[in-house]
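# Descriptive structure summary
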Amino acid sequence: MSRPRTLFEKIWRRHVVPPEGVTADKEGLPATIYVDLHLVHEVTSPQAFTELDERGLPVRRPDLTLATMDHSTPTDPSIDDARLRVLDPEGSAQLDRLQANCARYGIPLYAMGDERRGIVHVIGPELGATQPGMTVVCGDSHTSTHGAVGALAFGIGTSEVGHVLATQCLLQHRPKTYEVRVDGRLQEGVVAKDIILAVIARLGIRALDMEGRMTVCNMSIEGGARAGLIAPDDVTFAYLEGRPMAPAGDAWEAALDDWRSLPTDEGAACDRTTTLDGSALEPMVTYGTNPGMAIPIAGAVPEDDAIEPEKRASFHKALDYMALEPGQRLQGKPIDVVFVGSCTNSRQHLEPQLRGPPGRRRPHVPGQSLDRGSIRHYGSGHRRAGGPVVSTSFTRFTGTMAPLPIQNVDTDQIIPASYLKVTDRSGLASGLFCRWRYRDGDPEGQPIADFVLNRAEHGEARILLAGDNFGCGSSREHAPWALVGYGFRAVISTSFADIFRSNALKNGLLVVPVTEDVSASLFGAVTADPATVVTIDLEARTLSLPGGGETNFEVDPFARRCLLDGTDQLGYLLNHAPAIQAFEAANPARLDTRSG
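Described in the following lines is the structure provided in the data block. (Residues numbered from 1 in each chain as written. Predicted model: local features only at pLDDT ≥ 70, side-chain atom pairs only at ≥ 80, totals over all residues. Heavy atoms only, no water.)

Within the chain, the secondary structure is distributed over 19 helices and 19 strands. When burial is assessed residue by residue, the chain has 54% of its 596 residues classed as buried. Counting only carbon and sulfur atoms, one obtains 49% of the accessible surface of the chain, whose full area is about 25400 Å². (Helix = DSSP H or I, 4+ residues; strand = E, 2+ residues; numbered from the N terminus. Buried < 20%, exposed > 50% of the residue type's maximum accessible area, 1.4 Å probe, protein only. Areas by Shrake-Rupley, 256 points an atom, 1.4 Å probe, with all protein chains shown as cover.)

Residues Glu241, Asp250, Glu253 and Asp257 make up a contiguous surface patch of negative charge. One can find Asp257 in helix H9 (residues 250-259). You can call Asp257 exposed: its relative accessible area is 57%. (Patch = residues over 30% accessible without salt bridge, like charges linked within 9 Å, V, L, I, M, F, W, Y side chains within 5 Å. Salt bridge = Lys/Arg side-chain N within 4 Å of Asp/Glu carboxyl O. Lys, Arg positive; Asp, Glu negative; His and termini not counted. Charge placed at Lys NZ, Arg CZ, Asp CG, Glu CD.)

A few words now on the sheet that holds strand S1 (residues 16-17). What the three strands build is an open sheet, ordered S1-S2-S8; its pairing is antiparallel. The sheet is open, and its two edges are formed by S1 and strand S8 (169-172), each paired on a single side. (Pairing = 2+ DSSP bridges.)

The amide bond that connects Val17 to the next residue, Pro18, takes the cis arrangement and shows omega of -20 degrees. Relative to the elements of secondary structure, Pro18 occurs in the loop between S1 and strand S2 (31-34). If you check the backbone angles, Phe433 has positive phi at about 50 degrees while not being a glycine. Its identity as a non-glycine residue notwithstanding, Asp440 has a phi of 65 degrees, on the positive side. Residue Asp440 is classed as exposed on the basis of its relative accessible area of 82%.

Among the secondary structure elements, Leu538 is positioned in the loop between strand S17 (533-537) and strand S18 (542-544). Non-local contacts of Leu538, meaning those with residues more than four positions away in its chain, are made with Phe394, Thr395, Leu510, Phe553, Val555, Arg560, Leu563 and Leu564. (Contact = heavy atoms within 4.5 Å.)

Before going further, it helps to spend a moment on the packing of aromatic side chains. To describe a pair of aromatic rings, you give the distance between the ring centres and the angle between the ring planes. Following the criterion strictly, the structure yields 13 aromatic pairs and no others. Considering the side-chain rings of Tyr486 and Phe488, the 5.2 Å spacing of their centres and the 25 degrees angle between planes classify their relative orientation as stacked. For the residue pair Tyr486 and Phe488, the accessibility class agrees, reading buried in each case. Grouping aromatic residues by their ring pairs yields a cluster made of Phe237, Trp252 and Trp259. Residue placement shows Arg243 over the ring face of Tyr239; its charged tip is 4.0 Å from the ring centre. Lying over the aromatic face of Trp436, Lys317 brings its terminal NZ or CZ to 4.8 Å of the ring centre. (Phe/Tyr/Trp six-rings, centres within 6.5 Å; stacked < 30°, edge-to-face > 60°. Lys NZ or Arg CZ within 6 Å of the ring centre and 35° of its normal.)

Moving on: the nonpolar core. By size, the foremost hydrophobic cluster in this structure holds 74 residues, and its most contacted members are Ile107, Leu165 and Trp259. Ignoring anything within four residues of it in the chain, the contact list for Ile107 reads Phe49, Val59, Pro62, Thr65, Ala67, Cys102 and Leu165. With 59 residues, the next largest nonpolar core counts Tyr419, Trp481, Leu510 and Ile536 among its residues. (Core = buried A, V, L, I, M, F, W, Y, C linked by side-chain atoms within 4.5 Å.)

The subject of this paragraph is the side chain of Thr130. With respect to the secondary-structure elements, Thr130 resides in the loop between helix H4 (120-127) and strand S6 (135-138). A distance of 2.8 Å separates polar atoms of two side chains, one belonging to Thr130 and the other to His146. With residues up to four places along the chain from it excluded, the contact list for Thr130 reads Leu37, Gly124, Pro125, Val136, His146, Val149, Ala151 and Leu240. (Polar contact = N/O pair within 3.5 Å; in protein donor to acceptor, adjacent residues only side chain to side chain.)

In this section: the packing of helix H2 (residues 46-55) against helix H3 (residues 89-105). H3 packs onto H2 with a crossing angle of 40 degrees between their chain directions and a minimal axis gap of 10 Å. Accordingly, the angle class assigned to the pair H2 and H3 is oblique. The interaxial crossing formed by H2 with H3 has left-handed handedness. Two secondary-structure elements touch here, H2 through Pro46, Phe49, Thr50, Leu52 and Asp53 and H3 through Arg97, Asn101, Arg104 and Tyr105. A breakdown of the residues in the contact of H2 with H3 according to their chemical character gives four nonpolar, two polar and three charged. (Axes fitted to C-alpha atoms, helices over the stretch in contact; angles between N-to-C directions. Parallel < 35°, antiparallel > 145°, perpendicular 65-115°, else oblique. Left-handed = near helix turned anticlockwise from the far one by under 90°. Nonpolar A, V, L, I, M, F, W, Y, C, P; charged D, E, K, R; others polar.)

Let's shift gears to H4. In terms of burial, H4 is a largely internal element, eight of the eight residues being buried. Among the residues of H4, Val120, His121, Val122, Ile123, Gly124, Pro125, Glu126 and Leu127 are the ones counted as buried. Just downstream of H4, Gly128 is the residue with a positive phi angle, here 80 degrees.

Set out below in structure tokens:
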């Protein structure tokens, strides 16, 4: 009898090409994971298609690829979709490029005017293309949304978009798992958003409908996860039955038998487990500038002594921005503006939230729904772009550090979304930290003198010393592109967001994780003497310390080898073509995106 397995283990084992232990060997090589559904949009795909063009490669599985226009699309509800004009020329260029690329490679595309078009995180489940047990990827961090139906789904960078287009596979290390179990009946007024904010703040979901589950999985990214995953059950099956791309007839019954085998076996354990009492949860609200700054609506902003000393600077910066004080209660505070977001909760509880038509002070950008009711779609309003694989060798580097002692720096703070409209990587260095470097965030405007990159003593620094959880938020690959374009060779922090780490290493930017003590020592040294020099030795995996000595750091063995050799991950995958072909022959796809 086989040992009990978790939902994650079952899905992972089904998708390793070839069997685990062949590619994931003792050298620390990643597994080659087959992708069942690849979702594509206009912002993260231009440079990936360029990579295929330059190498003369076809799209391996157009029938498992589905494209939609959703990020750079207009949101004016007064204009018929088929006649929408894109006023932004860069956004229009992205849409035109997607249309041309999909036509050239035979990829199904939901373009402007197509009633199936909608937010990329939403159309997969609504069409029945996302199914339990699948692997689903997209060039967007919130692809985790698809985990609501029991699919292993995660965002990827633009380099990886190219990998999947060319090989239908990704190189992945098996991640650790963290089970969050929510027991008890939720109180009235407590919804999916409150559950996930409570989870994030403190680091039955079964009572949630599919839209609520999508919100939980979507926001798992804000908690630092790569993916969120909820086991499929009768709610899942009822949601999927009869949808355009879902199995039908005998295939439906066969799929149900398979899907019912997916939930975690009795006795199987995740690497970590947390249990929340759902009946004790209250509606949650954030008082600061990241989802970790969340409290119950009847609670109060924490006092200084409740905040860890190293986090107090960012805590006070957030309170200054929000015009709040430590100890202040939020209940009863006037609300200036309400935004019902399209990415996380476009399906969720719109009627009680919107007491009339959207107005100038109540932006309303819901997602498309094939279940037509009173909700109409107008696109998501996001904008992004991507890039090809560029390998840069790295062995040993000595330099000064630019200190950025801010916690939870997200990719939008590294480079704003306005820079994501480009279809190449030129000009991104000027946008690096531009909201902090320049007044009004305009690189042609006045520099802010006290920002670290504008200070003469740090002008030549090529190592960024950052606060904890650097690179969180969106999966945009523009963040490491901007850092590399500026001239940084490495970033040192106590922790990095998983997708940022992966994107950085693929683009020749070394990420160096250190302990809190080492971080504090480095910040102290560079504050006392900006000319402090450290040496990063990738071969030895060591970082020299001010005053003598060194510390070891961990780096993915495969990424380390690629950096040392200047090798290319796509080339590595292409060498596995025979194994991929054998996997496909043994595992026929249930899905054909061309049939929807």
